[in-house]
There are 2 protein chains.
Amino acid sequence: MPPRQNRPTINQVAAAAGVTKSSVSRAFTRPEMLSEETVRKIFAAAEELGYVPNHTARALSTGRHGNIALIVPDVANPFFPPLIRAAQAEADRSDYCVFLGNSDENPKQEDKLIGRFGGQVEGFVLVSSRLSDAQIIEHAGRAPLVLINRDVPGIPRVLIDSATGVAQAVAHLAELGHRKLVYVGGPHGSWSNKQRRSAVRRAARKLGLEVVVISNEFPAFEFGRKVTPSVLATGATAAIAFDDLTAQGMLAELAEQGVAVPDDFSVVGCDDVLGAATFPALTTVSNRSVEAGRAALNLLMDMLQNQAIRDVRYVLDTSLVIRKTTGPAESALQ
Amino acid sequence: MPPRQNRPTINQVAAAAGVTKSSVSRAFTRPEMLSEETVRKIFAAAEELGYVPNHTARALSTGRHGNIALIVPDVANPFFPPLIRAAQAEADRSDYCVFLGNSDENPKQEDKLIGRFGGQVEGFVLVSSRLSDAQIIEHAGRAPLVLINRDVPGIPRVLIDSATGVAQAVAHLAELGHRKLVYVGGPHGSWSNKQRRSAVRRAARKLGLEVVVISNEFPAFEFGRKVTPSVLATGATAAIAFDDLTAQGMLAELAEQGVAVPDDFSVVGCDDVLGAATFPALTTVSNRSVEAGRAALNLLMDMLQNQAIRDVRYVLDTSLVIRKTTGPAESALQ
DNA sequence: CTGTTAGCGCATTCAC
DNA sequence: GTGAATGCGCTAACAG
């Protein structure tokens, strides 16, 4: 038999304490079933030997692994780390360990990870899943599963609704006197992009603003720079970008071209992943990814306890964070 | 017995295929021991039932969990995600799953996580560990363990040596004609900060430059902004910051004060976590965290296979990435 | 309160 | 090549 860690087992503790396995087991799971005396003896022996219950054996016996899996498209995308951190902290509070999976935005990889994790977790959190609805439903049938930023009816999900914040952004710009703005889009297949784009359109229509939509296949910063000339060419006086990185790219290009922000042109980002770390500090839409992570974990923990699989749709509203990149239209170009 | 997932077991497959458990087990681990015929039958039955080997049971039996643990101080610190991503990808190549732990920069928490993971992983990677040398050595005695950015003799470790890149930065500034520069420090207890600070001093002495060191207890961006007036007051014409965020803060404040970069003042960051996403694009020191993650994992995998615990000290040199925030001193202030 | 017994699902001897 | 038996370390009835 291959190498094995040499940790003391329940039997050795039992022998050392002069009791049986059962009592040792109980001492670690239901101490109230034992006399204080025995518990003390057992803990002393355990301490002495450096005994720690074997998680794997316990899992095999009980079917509870005390683990959950968290799968994201890309750990390195600044949107996710705070969410991961929050989820991890929340899991920790319930003594759960978390497997982290990185799908690389790839459905195949995501599916593979789910399979690999499957045997050793009690449930899943899929963030911005790239899987098809059918696949998600299938997996949800096998194990408790909650979604973040993916809206599949019947599957518990928490959604960050950037529409509210985006609408506020449009209103904010309207109030500042802007009459024409452009929405600088994000990744083609993205649920968030669709949501934000239509939110801009809807709000603009309501307020009588003109809006030009520019689409994008490339990611973030570079795209922000490249698209800026076209944005200016539309004659608009403000832009709302799909995300902060795109906005940051625009800021860089505008500075390069000597266009003052917000005096000559206003820019709004989305997701607030940069904090105030741009210059000028970026007006943006809050993202609430921390709450999303926390909420998803609470949902999951809930499902694990009362194994009722409720159809929850937990929506987190966003709001506008006004900083320094938006200003009155009077002074703007045109 | 509490809830249990209802996956088919090896026995059901055996029954369906008309063989015994043993054969099914072999079909999944050492198919070459069986006739092609039986293997085919077994796989067919397994497929039919949707059988997947139970990872936990297998781990209990073999002592190999196919998992490793990765512990970082803070997932949300932009330095770590690329490292995590690389490590995770590398683990995946060897069919390992990775537990992610977030220590919150807290030794207690780190210790607790190691304990919790202990029973279900074959090894650990500790990134920028906050544990004492003694604790690290103790844990390394129990299970294969490799360190990143922590230099404990006897424990396999991979170190990112920012000293080389920092020295290049000083040389670069000297070449541009700068005679006096300031090092804007980072967190007090940080190994990296000490390393960088002394690298700046050493290189400056060698090249006959004057250097002022400003220390910092606060993190990053805000500190960069606040410290800028003092930096300018020194009469230096260039600054090297502990990290990119600090540099970015300085950039923002310099812009605010109308000091042109790099015409009036030069700035160098460290870690290259921002890519070219500042304006002007930041000259900085590469970080190689991706390679560090990959290397650590390869080391660990190596230790798991040939269980020889070698004393490896793997050092990754860094180098200067010249972008747009450094320029000749002639035109600078003073 | 505590000991006895029987698995959890699988890998691995050892026979045949 | 394949089957039967044993045990990984622990929990959970069932007794007493």
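Visitor: Could you clarify how one ought to interpret the environment of B:Ile84 in this entry?
Guide: Relative to the helices and strands, B:Ile84 resides in helix H5 (residues 80-93). Judged by relative accessible area, B:Ile84 falls into the buried class, the value being 1%. Taking the C-alpha atoms as reference points, B:Ile84 and B:Asp161, separated by 77 residues in sequence, lie 19 Å from one another. Setting aside residues up to four positions removed in sequence, B:Ile84 forms contacts with A:Val75, A:Leu100, B:Leu70, B:Val72, B:Val75 and B:Leu100.

Visitor: In this structure, what is going on with empty space enclosed by the protein? I would like to understand it.
Guide: It is the rolling of a water-molecule-sized probe over the atoms that shows where space remains empty. For the coordinates displayed, the defined rule picks out two cavities of 30 Å³ or more. By volume, the largest cavity amounts to about 80 Å³. Around the largest cavity sit A:His55, A:Thr56, A:Ala59, A:His65, A:Asn67, A:Gln120, B:His55, B:Thr56, B:Ala59, B:His65, B:Asn67 and B:Gln120, which together line it. Residue assignment for the lining of the largest cavity shows that the elements contributing at least two residues are helix H4 (55-62) of chain A together with helix H4 (55-62) of chain B. Looking at the lining of the largest cavity residue by residue, the class counts come to two nonpolar, 10 polar and no charged. Roughly 30 Å³ of internal volume is contained in the second largest cavity. Together, A:Phe79, A:Asn149, A:Ile160, A:Ser162, A:Trp191, A:Ser192, A:Gln195, A:Arg196 and A:Asp271 line the second largest cavity. Looking at the lining of the second largest cavity element by element, the count peaks at four residues for helix H9 (residues 191-207) of chain A. Partitioned by chemical class, the residues of the lining of the second largest cavity number three nonpolar, four polar and two charged. Here the lining of the second largest cavity spans two domains, and each of domain 2 (67-160 + 289-317) and domain 3 (161-287 + 320-333) of chain A adds at least three residues to it.

Visitor: Whenever I open this one, the nonpolar core confuses me. Can you help?
Guide: In summary, soluble globular proteins display a tendency toward joint burial of nonpolar side chains. Ranked by internal contacts, the top residues of the largest apolar core, which has 58 residues, are A:Ile84 and B:Ile84. Counting residues in hydrophobic clusters, the runner-up holds 34 residues, among them A:Phe124, B:Cys97, B:Leu147 and B:Val152.

Visitor: Honestly, helix H8 (residues 162-175) of chain A in this entry has me stumped. Any pointers?
Guide: Helical geometry: 3.6 residues make up each α-helical turn, so side chains three or four residues apart lie on a common side. Residues and elements named next belong to chain A. End to end, H8 covers 20 Å across 14 residues, agreeing with the expected 20 Å (1.5 Å per residue, within 8%). Within the sequence span of H8, burial applies to Ser162, Ala163, Gly165, Val166, Ala169, Val170, His172, Leu173 and Ala174. The opening residue of H8, the one whose side-chain oxygen lies 3.0 Å from the backbone nitrogen of alanine 163, is aspartate 161. Residue glycine 177 follows H8 closely and has a positive phi angle near 95 degrees.

Visitor: Please clarify how the environment of B:Thr278 should be interpreted in this entry.
Guide: Residues and elements named next belong to chain B. Considering the arrangement of structural elements, one finds threonine 278 in the loop between strand S9 (266-268) and strand S10 (284-285). Judged by relative accessible area, threonine 278 falls into the buried class, the value being 4%. Residues threonine 278 and serine 215, spaced 63 residues apart in sequence, show a C-alpha to C-alpha distance of 24 Å. Looking at threonine 278, its side chain comes within polar contact range of the main-chain oxygen of proline 280, at 2.7 Å. Among the polar contacts made by the side chain of threonine 278, one reaches the main-chain amide nitrogen of leucine 282 at a distance of 3.0 Å.

Visitor: Help me out: how do you make sense of the packing of aromatic side chains in this one?
Guide: Aromatic ring pairs are reported here in terms of the distance separating the ring centres and the angle at which the planes meet. One pass over the structure, following the stated rule, counts nine aromatic pairs over all chains. Look at A:Phe99 and B:Phe99: their rings are 3.8 Å apart centre to centre, the planes differ by 25 degrees, and that puts the pair in the stacked class. Taken together, the residues A:Phe99 in strand S2 (residues 97-102) and B:Phe99 in strand S2 (residues 97-102) connect one chain to another. Judged on exposure class, the residue A:Phe99 and its partner B:Phe99 are both buried. With a centroid separation of 5.1 Å and 25 degrees between ring planes, the pair formed by B:Phe99 and B:Phe117 is classed as stacked. Residue B:Phe99 is found in strand S2, and its partner B:Phe117 is found in helix H6 (residues 107-118); the two are separated by 18 residues along the sequence.

Visitor: Sorry, what's going on with the domain arrangement of chain A here?
Guide: Often, the extent of an interface is quoted as the loss of accessible area upon association of its parts. What the domain assignment reports for chain A is domain 1 (4-62), domain 2 (67-160 + 289-317) and domain 3 (161-287 + 320-333). One C-alpha centre belongs to domain 1 of chain A, the other to domain 2 of chain A; they are set 34 Å apart.

Visitor: Please clarify how the protein's contact with DNA strand C should be interpreted in this entry.
Guide: A:Ser22, A:Arg26, B:Ile10, B:Ser25 and B:Arg58 are the nearest of the 29 residues found near DNA strand C. At the protein interface, 62% of the atoms of DNA strand C within 4 Å belong to sugar or phosphate. One of the side-chain N or O atoms of A:Ser22 is found 3.0 Å from a base oxygen in DNA strand C. Secondary structure elements with two or more residues in the surface near DNA strand C: helix H2 (21-29) and H4 of chain A together with helix H2 (21-29) and H4 of chain B. In terms of residues, the surface near DNA strand C owes the most to one element, H2(B), which gives five residues. A breakdown of the residues in the surface near DNA strand C according to their chemical character gives nine nonpolar, 13 polar and seven charged.

Thresholds, definitions, all that
Residues numbered from 1 in each chain as written. Chains lettered and ligands numbered in written order. Predicted model: local features only at pLDDT ≥ 70, side-chain atom pairs only at ≥ 80, totals over all residues. Heavy atoms only, no water. Helix = DSSP H or I, 4+ residues; strand = E, 2+ residues; numbered from the N terminus. Buried < 20%, exposed > 50% of the residue type's maximum accessible area, 1.4 Å probe, protein only. Contact = heavy atoms within 4.5 Å. 1 Å grid on protein atoms, 1.4 Å probe; cavity = no way out; pocket = protein on both sides within 12 Å on 5 of 7 lines; lining within 4 Å. Points joined across faces, edges and corners; volume = space filled by probe spheres on them. Nonpolar A, V, L, I, M, F, W, Y, C, P; charged D, E, K, R; others polar. Domains from an automatic or database assignment. Core = buried A, V, L, I, M, F, W, Y, C linked by side-chain atoms within 4.5 Å. Expected span 1.5 Å × (residues − 1). Polar contact = N/O pair within 3.5 Å; in protein donor to acceptor, adjacent residues only side chain to side chain. Phe/Tyr/Trp six-rings, centres within 6.5 Å; stacked < 30°, edge-to-face > 60°. Near = heavy atom within 4 Å.

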